[in-house]
Amino acid sequence: QVQLVESGGGLVQAGNSLRLSCAASGRTFSIYHMGWFRQGAGKEREFVAGISGSGERTALADSVKGRFTISRDNAKNTVYLQMNILKPEDTAVYYCAARRSLWSVSTTPEAYEYWGQGTQVTVSS
């Protein structure tokens, strides 16, 4: 069982930055691929970024490439989402997710076993 707790959300103006953190419980954090998803009001949950257990492989949604970066610190059981040049359309609840995998980073929510409670990100224009 893995418990995930997100933090770092808030209200920012367009063009500014935020860094989200997701702290995971357990001693085997490095075997889990981690993902960030978001869900805007009235929208389906969508993939934002993912990272393999070692951190060697990452994936980003086209809508955030060049602006967002995903990273992880396995010693701290934490995954990060650095969000730069934020836009109003980035407004959503952001969720951290985990899955046990040795293969490619998945972009589908159904592939992930564990989820955090979410953190709200609001970008004003």
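For the structure, check the block above.
Bear in mind that the values here come from a model prediction, so they are computed numbers and not experimental data. (Residues numbered from 1 in each chain as written. Predicted model: local features only at pLDDT ≥ 70, side-chain atom pairs only at ≥ 80, totals over all residues. Heavy atoms only, no water.)

Trainee: For the overall build of the chain, give the residues involved together with the corresponding values.
Mentor: Looking only at helices and strands, the chain features zero helices and 11 strands. Taken from N to C terminus, the helices and strands of the chain fall in the order β-β-β-β-β-β-β-β-β-β-β. Taken over C-alpha atoms, the radius of gyration comes to 13 Å for the chain, in line with the 14 Å a tight globule of 125 residues would show. When each of the 125 residues of the chain is scored for burial, the buried share is 46%. (Helix = DSSP H or I, 4+ residues; strand = E, 2+ residues; numbered from the N terminus. Rg over C-alpha atoms; globule rule 2.2 N^0.38 Å. Buried < 20%, exposed > 50% of the residue type's maximum accessible area, 1.4 Å probe, protein only.)

Trainee: Go over the side chain of Arg-99 with me, naming the residues and quoting the values.
Mentor: Inspection of the secondary structure puts Arg-99 in strand β9 (residues 92-100). Despite its burial, Arg-99 pairs with no opposite charge; the closest candidate is Glu-113, at 6.1 Å N-O. Within the structure, the side chain of Arg-99 is placed 3.2 Å from the backbone oxygen of Ala-111, a separation counted as a polar contact. When near neighbours in sequence (up to four residues on either side) are disregarded, Arg-99 contacts Ile-31, Tyr-32, His-33, Ser-104, Ser-106, Ala-111, Tyr-112 and Glu-113. (Lys, Arg positive; Asp, Glu negative; His and termini not counted. Salt bridge = Lys/Arg side-chain N within 4 Å of Asp/Glu carboxyl O. Polar contact = N/O pair within 3.5 Å; in protein donor to acceptor, adjacent residues only side chain to side chain. Contact = heavy atoms within 4.5 Å.)

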